[in-house]
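The chain contents come next:
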Amino acid sequence: MRSDELPLSRAVVDRAALLRTDAAQERALADPATRVVLLRDGRVPVDARGGLVLTTVAQAQRAAAAGDRADGEHPWLLLGADDERAYVARRAPGDADDVADLPRRGAPSDRDVHAPASPPADPPASRAVADGDAVRWASLREVGSHLDARDAGLVATAVALDAWHERHPRCPRCGAATRVTQAGWVRACTVDGSEHYPRTDPAVIMAVVDDADRLLLAHAVAWAPGRYSTLAGFVEPGESLEHAVRREVAEETRVVVGEVTYAGSQPWPFPASLMVAFVARAVATDVRVDGVEVEHAAWFTRDELASAVVAGTVVPPSRSSIARALVEDWFGGPLPEPAAG
Ligand SMILES: [Zn+2]
């Protein structure tokens, strides 16, 4: 499994950390070539095919103003830059289902930003989105596997950074308000001056296999019926990744893991995870689930899993997820589709 082939791990835009200054940010916002990833409750605008719709800075300002509810500061976030333009993100507050303030597809804001430069004139704000070129808000979970490498990287970064700002308005040391600096990558305390950086919480996710090359899949208590996936869990303070793999597997299923091999990683900004994937060899295979997090877990041969997926008794993890990649890596190719009806 190659991380750079995973849906949300294929970032190609330079993150341009050297441009995280007030001056560079001002230049980017004044440049008509700059494109914006709009955000609303962790969702982004997509077209009918699930492709990301980027907007101009002026369109983003209108979208943000149209939905303004005086619910705090919505900073511009510099995502990165390529040879032609900078990419920024901006929250557009409002009702998550309201698409009236989104630009129409086909406007100069359309995703084909490599087209020959037409005048960067702002199209009139479209107050209604016509049928057939519908733009809607969609979550990264939903559309992540449809996005190309550039857009997947932009959206994963935008969603993660926006979620951090949303959850960290105050200084963790003294509780005072913080001020956004460095183009959205730092919050500084207005009282004690301490600087706070976006957080990423490592989580381990593992394909546990036994000596017969069967795969352990589990159904969590909170999940929809039939959904099965690999085991996963957060790394605790003071713990190595390998230890977290062995601990989580033992806690949730009592299966004992020996060898642990790194398999890849994927940002999972819901809200701030980095999924670190492993293949874990079981040395004791008796399954006894905890009943708290995991309701059922079982070993599958490839034939058993294929049959269960076709029959619809097992719903595999979503295509955007590294869990799916781990399962298909073990399976040896794409899983079959469920039988119709
Ligand atoms: Zn403080």
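No experiment lies behind these values; they were computed from the predicted model shown.

Draft legend 1. Structural context of the overall build of the protein chain. A tally of regular secondary structure across the protein chain gives seven helices and 14 strands. Here the analysis covers contacts within the protein chain between residues at least 6 apart in sequence; of these, 68% occur between residues at least 24 apart. With an accessible surface of roughly 16,200 Å², the protein chain has 52% of that area assigned to carbon and sulfur atoms.

Draft legend 2. Examining empty space enclosed by the protein more closely. Tallied over the full model, the rule gives three cavities of 30 Å³ or more. As a volume, the largest cavity reaches approximately 60 Å³. In this structure, the largest cavity is lined by Ala 11, Val 12, Val 13, Arg 15, Leu 79, Arg 150, Gly 153, Leu 154 and Thr 157. When residues in the lining of the largest cavity are grouped by element, the largest group, four residues, is from helix H4 (residues 149–167). Of the residues belonging to the lining of the largest cavity, the class tally is five nonpolar, two polar and two charged.

Draft legend 3. Fine view of the coordination of the zinc ion. Within the protein, the zinc ion binds to Cys 171 (SG), Cys 174 (SG), Cys 189 (SG) and Asp 192 (OD); these donor distances fall in the range 2.2 to 2.4 Å. Along the chain, the residues donating to the zinc ion fall in the pattern C-x2-C-x14-C-x2-D. Here Cys 189 lies in strand E7 (residues 186–189) and Cys 174 lies in the loop between H4 and strand E6 (178–181), a separation of 15 residues in the sequence. The partly exposed category is assigned to Cys 174, whose relative accessible area is 41%. The buried category is assigned to Cys 189, whose relative accessible area is 6%.

Draft legend 4. Structural detail: the pairing of strand E3 (residues 77–81). For E3, the buried fraction is high: five of the five residues fall into the buried class. When E3 meets strand E4 (residues 86–91), the two strands line up antiparallel, connected through four bridges. Looking at the pairing, Leu 78 lines up with Val 88 of E4. Two successive antiparallel strands, E3 and E4, enclose a turn made up of four residues.

Draft legend 5. Quick look at the pattern of salt bridges. Considering all chains together, one arrives at 15 salt bridges under this definition. Note that Asp 151 and Arg 150 form a salt bridge whose closest N and O atoms lie 2.8 Å from each other. With a relative accessible area of 0%, Asp 151 lands in the buried category. When its relative accessible area of 10% is taken as the criterion, Arg 150 is described as buried. The network of salt bridges with shared partners includes Glu 236, Glu 239, Arg 247, Glu 248 and Glu 251.

Draft legend 6. Region of interest: the pairing of E4. The buried count for E4 comes to six of six residues, which makes it a mostly enclosed element. In E4, alternate side chains face the same way, and those of Ala 86, Val 88 and Arg 90 on one face and Tyr 87, Ala 89 and Arg 91 on the other are all buried. In the sheet, strand E1 (residues 35–39) pairs with E4 via five bridges, with the strands oriented parallel. Paired with Leu 38 across the strands is Arg 90, a residue of E4.

Draft legend 7. Up close: the side chain of Gln 59. Mapped onto the fold, Gln 59 is located in helix H2 (residues 57–66). Gln 59 sits in the buried class, given a relative accessible area of 6%. A distance of 2.9 Å separates a polar atom in the side chain of Gln 59 from the backbone nitrogen of Thr 56.

Draft legend 8. A look at the environment of Ala 23. As for its position among the elements, Ala 23 is in helix H1 (residues 22–30). Through-space distance from the C-alpha of Ala 23 to that of Ala 183 is 9.6 Å; in sequence the pair is 160 residues apart.

Draft legend 9. Main features of the environment of Ala 203. Looking at the element boundaries, Ala 203 is found in strand E9 (residues 201–209). Owing to a relative accessible area of 3%, Ala 203 belongs among the buried residues under this scheme. Taking the C-alpha atoms as reference points, Ala 203 and Ala 244, separated by 41 residues in sequence, lie 8.4 Å from one another.

Rules behind the numbers
- Residues numbered from 1 in each chain as written.
- Predicted model: local features only at pLDDT ≥ 70, side-chain atom pairs only at ≥ 80, totals over all residues.
- Heavy atoms only, no water.
- Helix = DSSP H or I, 4+ residues; strand = E, 2+ residues; numbered from the N terminus.
- Contact = heavy atoms within 4.5 Å.
- Areas by Shrake-Rupley, 256 points an atom, 1.4 Å probe, with all protein chains shown as cover.
- 1 Å grid on protein atoms, 1.4 Å probe; cavity = no way out; pocket = protein on both sides within 12 Å on 5 of 7 lines; lining within 4 Å.
- Points joined across faces, edges and corners; volume = space filled by probe spheres on them.
- Nonpolar A, V, L, I, M, F, W, Y, C, P; charged D, E, K, R; others polar.
- Donors = N, O, S within 2.8 Å, 3.2 Å for Na, K, Ca; no water.
- Buried < 20%, exposed > 50% of the residue type's maximum accessible area, 1.4 Å probe, protein only.
- Pairing = 2+ DSSP bridges.
- Salt bridge = Lys/Arg side-chain N within 4 Å of Asp/Glu carboxyl O.
- Polar contact = N/O pair within 3.5 Å; in protein donor to acceptor, adjacent residues only side chain to side chain.

The values are spatial; any link to function lies outside them.
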